[in-house]
Amino acid sequence: MEDFNSETDSDYTSYWRDWFISSRGNEYFCEIDEDYLTDRFNLTGLNADVQYYQYALDLVTDVFDLDCDDDMRETIEKSARHLYGLVHARYITTTRGLAKMLEKYKKADFGKCPRVLCGAAPLLPTGMSDNPHIQSVKLYCAKCEDLYNPKSTRHANVDGAYFGTSFTNILFQVYPALVPDKSKERYSPRVFGFKVHASAALERWQDERRRSMGRRLKDVGRYGIVPGGCGGGGGGGDGGG
């Protein structure tokens, strides 16, 4: 009987997390283990960042039993999502969290690099700041070592702090074999199959500089200033006489 109750409780407490992970726009998240969520040490300091922290935590762990109106429920729901995101940033740097994100990375769940010469290399979500409400999540390509915006607007609205600035680096330190060869290929401009010579780019730059200088000289002449003149011009001659 005790085993049955334990199993039922376990299934019940995973309900909110199952709903959250399966919701549209949350595909980048992995499921946080229940024992990690219920360990208060892992939540240190988050009570200052989350409104109605205890109610939000109760909702995430499915022990929420407050009788409240719809507006209050919606506010607590929003806080629960924020709390989950902040805990998620910590969880994915643990051994268990890294393993879950690794599986998603191998399946390219985060998308593929839009750069043609990267050959559809898988991407990883990363934040530009560890503080929430600063910038949305970006996608990192380890092949070209550059960042990209998510294609979908629903992903573009996800806070980057929910993944943090350290996750991608820790993942490749723990799994160094996954680090791809850097992309050395670069696109070469061509005209009718022939590479555009570097001198052509230099000449275009020089032409633009000449045009810019011409415009500046024209402006100077407009105000009656003689380029290179010594300013007062008049003092002088031999004087005297």
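Reference entry: report on the structure contained in this document. Being a predicted model, the structure only gives us computed values, none of them experimental.

Each value, and the rule that gives it
- Residues numbered from 1 in each chain as written.
- Predicted model: local features only at pLDDT ≥ 70, side-chain atom pairs only at ≥ 80, totals over all residues.
- Heavy atoms only, no water.
- Salt bridge = Lys/Arg side-chain N within 4 Å of Asp/Glu carboxyl O.
- Helix = DSSP H or I, 4+ residues; strand = E, 2+ residues; numbered from the N terminus.
- Buried < 20%, exposed > 50% of the residue type's maximum accessible area, 1.4 Å probe, protein only.
- Lys, Arg positive; Asp, Glu negative; His and termini not counted.
- Contact = heavy atoms within 4.5 Å.
- Core = buried A, V, L, I, M, F, W, Y, C linked by side-chain atoms within 4.5 Å.
- Polar contact = N/O pair within 3.5 Å; in protein donor to acceptor, adjacent residues only side chain to side chain.
- Pairing = 2+ DSSP bridges.
- Patch = residues over 30% accessible without salt bridge, like charges linked within 9 Å, V, L, I, M, F, W, Y side chains within 5 Å.
- Areas by Shrake-Rupley, 256 points an atom, 1.4 Å probe, with all protein chains shown as cover.
- Charge placed at Lys NZ, Arg CZ, Asp CG, Glu CD.
- Axes fitted to C-alpha atoms, helices over the stretch in contact; angles between N-to-C directions.
- Arc of directions from axis to C-beta.
- Parallel < 35°, antiparallel > 145°, perpendicular 65-115°, else oblique.
- Nonpolar A, V, L, I, M, F, W, Y, C, P; charged D, E, K, R; others polar.

1. Concerning the pattern of salt bridges
Enumeration according to the criterion identifies ten salt bridges in this entry. The salt bridge involving E27 is made with R154; its shortest N-O contact spans 3.9 Å. Note that E27 is positioned in the loop between helix 2 (15-22) and helix 3 (34-37) and R154 in helix 7 (residues 153-156), a separation of 127 residues in sequence. Residue class for R154 comes out partly exposed when judged on its relative accessible area of 34%. A salt bridge links R81 to E77, with the nearest nitrogen and oxygen atoms 3.6 Å apart. Within this pair, R81 and its partner E77 are both found in helix 5 (residues 70-91), separated by four residues, close to a single helical turn.

2. Here's the deal with the side chain of D58
Of note, D58 is situated in helix 4 (residues 53-60). Within the buried set, D58 has no salt-bridge partner at all; the shortest N-O distance to an opposite charge, 5.8 Å, is to R40. Residues in contact with D58, not counting those within four places in the same chain, are V63 and F64.

3. Overview of the nonpolar core
Most often, soluble globular proteins have nonpolar side chains that are buried together. Core analysis: the biggest nonpolar cluster contains 48 residues, and L83, V87, C141 and F163 have the highest contact counts within it. Those elements that provide at least two residues to this core are helix 2, helix 3, helix 4, helix 5, helix 6 (95-106), strand 1 (123-126), strand 2 (138-141) and helix 8 (167-174). A per-element tally of this core places helix 5 first, with seven residues.

4. What about the side chain of N26?
Counting through the fold element by element, N26 comes out in the loop between helix 2 and helix 3. What makes N26 buried here is its relative accessible area of 13%. Within the structure, the side chain of N26 is placed 2.9 Å from the backbone oxygen of F20, a separation counted as a polar contact. Leaving out residues up to four positions away in the same chain, N26 has contacts with F20 and I21.

5. Considerations on the pairing of strand 2
Along strand 2, one buried face is formed by K138 and Y140 and the opposite face, lined by L139 and C141, is buried too. The pairing of strand 1 with strand 2 spans four bridges and is antiparallel. Its bridge partner being in strand 2, T126 is matched across the sheet by K138. Pairing analysis gives three bridges linking strand 2 to strand 3 (residues 146-148), with the strands arranged antiparallel. Note on strand 3: the bridge partner recorded for Y140 is L147.

6. Focus on a negative patch on the surface
Side chains of D69, D70, D71 and E74 sit close together on the surface and give a patch of like negative charge. Examined against the element boundaries, E74 turns out to sit in helix 5.

7. A few points about the sheet that holds strand 3
One open sheet accounts for three strands, arranged 1-2-3; its pairing is antiparallel. The two strands at the open ends of the sheet, each matched to only one other strand, are strand 1 and strand 3. Taken pair by pair, the neighbouring strands of this sheet meet at an average axis angle of 40°, ignoring direction. The strands that helix 8 touches are strand 1 and strand 2; relative to strand 1, the one it contacts most, it runs at about 135°.

8. Regarding helix 2
Residues three or four positions apart in an α-helix share a direction because the helix packs 3.6 residues into each turn. For helix 2, the full list of buried residues reads W16, R17 and F20. Along the axis of helix 2, the buried positions cluster into a sector of 95°, meaning they face one direction only. Along helix 2, the residues that are exposed and aim more than 90 degrees away from the buried face are Y15 and S22.

9. Quick look at the packing of helix 4 against helix 5
If you want to describe how two helices pack, look at the angle between their axes and the distance between the axes. Direction vectors running N to C along helix 4 and helix 5 enclose 75°, while the axes themselves pass 8 Å from each other. Judged by the inter-axis angle, helix 4 sits roughly perpendicular to helix 5. Between helix 4 and helix 5, the contacting residues are Y53, Y55, A56, L57, L59 and V60 on the first element and M72, R73, I76, E77, S79, A80, L83 and Y84 on the second. Per-class residue counts for the contact of helix 4 with helix 5 are eleven nonpolar, one polar and two charged.

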